[in-house]
Amino acid sequence: MKRAYTDEHAQSGVHAALPEIETWPNQYEDYEIEIVMPEFTSVCPKTSLPDFGKIVLRYVPASLCLELKSYKMYLNAYRELGIFQENVVNRVLQDVVKAAKPKVATVVGEFTPRGGLSTIVTATWSRKRGKR
């Protein structure tokens, strides 16, 4: 039996080149930043249909904060990228951690229903745990 979804579908977009997320020096300690992208779009790598959703990033900065325009341009680069919703959330988290090296970061993707099912994907990283 042929599988409908291949390893190629699963890995689509995971290693794609995306714009750099810039940072600037943090001036304060122990506070949380929340950034919401209410109109996020990407493309399903299997069907080539658009995926719509909201991406919420919450992080506690260490020495660096994300520069908002570069983060917006980074997220907008997903518009034409074939990538599964689960991979979007984990890739965003990975790239934010790499750029800003926060104390804690969580990315939540709330994707709009397709075929009657909606998806919410959450990925978290912390210095204590060291990984998701």
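First things first, this report covers the structure right here in the doc.

With respect to the overall build of the protein
Part 1: Counting its regular elements, the protein contains 3 helices and 6 strands.
Part 2: When the helices and strands of the protein are read in sequence order from the N terminus, they spell out α-β-β-β-β-α-α-β-β.
Part 3: In terms of overall size, the protein behaves like a compact globule, its C-alpha atoms giving a radius of gyration of 15 Å where 132 residues would be expected to give roughly 14 Å.
Part 4: In the protein, which comprises 132 residues, the proportion classed as buried is 42%.

Some details on the pairing of strand β3 (residues 50–60)
Part 1: Judged from the 9 bridges that link them, strand β2 (residues 33–43) and β3 form a sheet pairing that is antiparallel. Considered in β3, the bridge of F40 is made with G53.
Part 2: Taking the residues between adjacent antiparallel strands as the criterion, β2 and β3 are bridged by 6 residues, where S48 takes a positive phi near 65°.
Part 3: In this sheet, strand β5 (residues 104–114) lies alongside β3 in antiparallel orientation, the contact comprising 8 bridges. Following the sheet pairing, R58 is matched in β5 by T106.

Considering the environment of D51
Part 1: Mapped onto the elements, D51 comes out in strand β3.
Part 2: When its relative accessible area of 4% is taken as the criterion, D51 is described as buried.
Part 3: For the pair D51 and E8, spaced 43 residues apart in sequence, the C-alpha to C-alpha distance is 18 Å.
Part 4: Not counting the four nearest positions on each side in its chain, D51 is found in contact with F40, T41, S42, V43, C44, I83, Q85 and R114.
Part 5: Separated by 2.2 Å, the side chains of D51 and R114 make a polar contact.

Calculation criteria
- Residues numbered from 1 in each chain as written.
- Predicted model: local features only at pLDDT ≥ 70, side-chain atom pairs only at ≥ 80, totals over all residues.
- Heavy atoms only, no water.
- Helix = DSSP H or I, 4+ residues; strand = E, 2+ residues; numbered from the N terminus.
- Rg over C-alpha atoms; globule rule 2.2 N^0.38 Å.
- Buried < 20%, exposed > 50% of the residue type's maximum accessible area, 1.4 Å probe, protein only.
- Pairing = 2+ DSSP bridges.
- Contact = heavy atoms within 4.5 Å.
- Polar contact = N/O pair within 3.5 Å; in protein donor to acceptor, adjacent residues only side chain to side chain.

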